[in-house]
Amino acid sequence: MKCLLISSQSAEVLFHWTDPEFYQNVQSQYGASQEDGHGLPAFEDSISTLFAPIIISCITMVDRLGDSYTSFTTENNHIYVLHQFDECLYIAVNGDGEEEEGDLRRKIYVMKKMIEVMFGMVTLSSNLLRRELRPQDTEQRARLWEHLQSLLETYSHLRENDQSFLVEAVERLIHPTLCEQCIEFLERRLVQQLNSSVERAGEEVLHAFILVHTKLLAFYSSRNASTLSTSDLLALIIMSQNMYPSNTDQDDPNPEDIESTSGSGPESFYTPEPSPTDMDSRSSDMPVRESTPLFEFVDPDVQMAEDSLHTLEVPPPDPSTPRRVFLEVSLKDGLFPMMPHSMYCLPLWPGITLVLLTKIPTSAVAMSVYTFLEAFAKLEKRLNEGQEGSAATRGQPTIHDIRSKLDKFIKALGASEIQSAQLQNVWTDFKNRIGRGGPGFNRELIRSCKNMKTQLCGVYRQCFLIESGTADSPRRLSPGLQERAQTMVQDKLMDWKDFLLVKSKRNITMDFPGLIHFICVDRSTGQMIAPSLNITERNVSELGKGPLAQFIKSKVWSLVSTTRRYLQKGYSTVTLRDGDFYFCYFLWFENETGYKLEAGDIPVLPDDSAPIGMLAWDYYRKLLRYYSKNHQGEVVKCYELLTVHLGVIPTEVILQHCRQLASKLWEPSRNPLL
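Residues numbered from 1 in each chain as written. Predicted model: local features only at pLDDT ≥ 70, side-chain atom pairs only at ≥ 80, totals over all residues. Heavy atoms only, no water.

(A) Broad picture of the confidence of the model for the chain. On average, residues of the chain score 83 in pLDDT, and 80% of them reach the 70 mark or higher. pLDDT under 50 marks residues 258-314. Its contacts with residues more than four places away, or in other chains, come to 104 contacts. Per-residue pLDDT stays below 50 along residues 669-674; that stretch engages in 22 contacts with residues further than four places along the chain or on separate chains. (pLDDT = per-residue confidence, 0-100. Contact = heavy atoms within 4.5 Å.)

Structure, rendered in C-alpha cells:
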C-alpha cells in the first residue's frame, strides 16, 4: 500500500504513483459507487477525490494559521507525510509497514530533486511547473508521468538493494591500474576527439564517465568544466539505470569462471564471450528489469477505460537523442544551480555504460536568467520583510545594477520571440512602478517581482525545454559521432568486460577477524567503499548467500537508519549491541594532511527536517560549512565509518579495527584521485 502524489493548491493532480495494492484499493472504493453502465471513473479523478479533503485542510491551515501538519498516522496505521514546496503539495503514503516516516520524507525530496534535474529553473515558477507536470495533451501527460513513475521505481529499487544509494554516496571500482588507464583514455582520446569533431553541433563534452552497474570505473572532467556535485551524479546514475536497468543475474558472468577479481590485472587468461559489434545487437541484449506490473487490471471495465492514463502505450525513447538535464555549476563568478546540459547514455554491454555530459551553445542565457531571478527574489524578500520600496531597491544587488544588463538581455533575445516580447512588457511595467511610489507601493512591487520571475522562467523554458523536445533538433552530437565514441570505449575495455562485471560484485574484501561488514564514506568527495552485499542465486557476496546473508543485509540497512536518527539529534558516535552483533558508527573531521580535528557540536535538526544524505539535500555540505567556521584557512574533510562485528569480539579489538580501516581505506595508492 504505497502512493506518492503531487497536487496543486486547488487539489488538481500534477503527478501520482501507486503500487498495485493501493491502485486496486482506490478502484474498489470508488468503482463500487458508480452507477451501472457508466464504468469506472478515470483513476486520476478517483485519487483526486480521495486526497481532496487532506489537500484542502492542509491549504486551509496554511492560510488561517500560517502552519500545517507534516505527517499523521490513521487508525489503520497508514502513514501520511506531507511537504509543500511553493504551491505544490507532495503527499507520500505507506500502509503496509515497509516504510517509516523518514523513508517517505526522503522519497518526497528525491522526487523533487528528479523534477529539478528534468525541468530546471521552471520549478521556480509554480504556474509554469504546473503546466509542465500536467500537459493538456493526454498522451503527452501519460508519457511524462510514466517516465517519472519509472524514475521513482528505479530509485526505490536502488535504495533497497544498493549500498551506494543507501548511504547516498558514489561507489568506485577499486582497481588503480585500470582506473588510471581509463581516465587517461577518456582525456586524451575520447573527449579530445569528440570536442574536435565538426559533428558535435556546437556542443562541448564537459564530463565523461564509465559505469559498471552503479559503480564508477572512471570519471574525467575537462579543464574548463565545473565539479559535478555528488547529488547530480547520483541523480544521473538513477537516470542511467532507468534507461538500461542492471539485471545482475543475467549481466554478470559466473564468478567461478574468472579467478582474479583484485590486484593490478587478470592473473589468468580466458576467452571473453563474443561481444556485439553493431548497434542493433547491443540494443537487443539490453536487459529489462522484471517487476510486478504497475497495475493489475482484473475488471473488464478497468481494461476498457480509454481515459485512464495507465492504459496508454509509451514508446521507448530514441537512444541517440540526448536527455536535457539541469545540473549545478560552480564557477569563479559564483554558484549557478540548474544549468542546462545534454546527457548521452551509451550502453557498451549489459551492465556497462558510457555517459557523456555536454555543454550546450546557449548555456550563457541560463546564467543570465538565474542572475536576474536571484536579484528579483532578494528584492521580493526585502519587500515582504517590510522594507520600503525605495530602500529595498537599493539593497544588494540593486535593481539599478541589473537594469542595463536586463535591457541588453531582452534586446539580445530578439523582439520577434513571443516570450521576450512579454518579458519586455512586464519589465517596462516594473520600471514604471519603481518611479511611482505612493500608498500600496510595496504590494504592487511584490506583484511585479512575481511577474518578472514568471516571465524569466518562461524565457528559460522556451530556450531549454521546448527546444529540447523537438525530434529534429540539430543541436546534439550526431548519431555517427555517438556510435564512434561507443566503439572506441568498447575496444578499450573488450578484454576487461567480464572481469569488470565480476569486480563490481566483489569490489573489496575484508581481512579483519570478527568484522562482518563495514561502510566507509568520504563525505567531502561523496565517495564510499564497502564489501559487496549483493545476494542472488549466481552472484554471492563475501557473506555467502541464503538467509544469513539476507539477515546481515537487513541489519546493515537498519543500522544506517538508526545512525541517521542519532546524527539528526547531534550525535557523531554511536555504539550499540544487537543480539550477537556489535555496531559502531563514527563521524569525524580531518584537515588536508590527515590530522584528526577536534570534534565539535553537531547541529540538532528538527524531526521534520530534510532527510540526511547527499542526493536530495546535501546535508554534509552544510555540515562542512558549519564546522569550517572554526577552522578558517584549513581544508576540512568529513568521514563516516559504519562497522558490524561479532558480539564476542572484545571492544578494544573492535576500536583497533575501526582505526585501521579509517587510516587504510583512503590511501592515495589504493584509490587514485579522479
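From this point, things continue past the structure.
(B) Main features of the nonpolar core. Core analysis: the largest hydrophobic core is formed by 113 residues, its most contacted members being F51, I91 and F376. Here this core takes 11 residues from helix α16 (residues 441-466), the largest share from any one element. Residues in contact with F51, not counting those within four places in the same chain, are C3, L5, F22, Y80, I91 and V93. Within the second largest apolar cluster, 35 residues are counted, among which are L533, V556, Y619 and C638. (Core = buried A, V, L, I, M, F, W, Y, C linked by side-chain atoms within 4.5 Å. Buried < 20%, exposed > 50% of the residue type's maximum accessible area, 1.4 Å probe, protein only. Helix = DSSP H or I, 4+ residues; strand = E, 2+ residues; numbered from the N terminus.)

(C) A look at the sheet that holds strand β15 (residues 581-590). Judged by pairing direction, the sheet is mixed, and its six strands sit side by side in the order β6-β13-β12-β16-β15-β14 without closing on themselves. Of all strands in the sheet, those with a lone pairing partner are β6 (170-171) and β14 (573-578), marking the two edges. In this sheet, β15 lies alongside β14 in antiparallel orientation, the contact comprising six bridges. In the strand pairing of β15, D578 is matched with F581. Strands β15 and β16 (637-646) of the sheet are contacted by helix α20 (residues 619-628), whose axis makes an angle of about 55° with β15. Here helix α21 (residues 651-664) sits on the sheet and contacts β12 (515-522), β15 and β16; the angle it forms with β15, its principal contact strand, is near 40°. (Pairing = 2+ DSSP bridges. Axes fitted to C-alpha atoms, helices over the stretch in contact; angles between N-to-C directions.)

(D) Expanded view of unusual backbone geometry. A positive phi is found at D86, a non-glycine position, where the angle reads about 55°. Here D86 is to be found in the loop between β4 (79-85) and β5 (88-94). For D86, a relative accessible area of 53% puts it in the exposed group.

(E) Summary view of the environment of S226. Looking at where S226 falls in the secondary structure, it is placed in the loop between β8 (215-221) and α8 (230-243). For S226, a relative accessible area of 9% corresponds to the buried category. Excluding its chain neighbours within four sequence positions, the residues that come into contact with S226 are H207, E328, V329 and S330. Side-chain polar atoms of S226 contact the backbone nitrogen of S330, separated by 2.7 Å. (Polar contact = N/O pair within 3.5 Å; in protein donor to acceptor, adjacent residues only side chain to side chain.)

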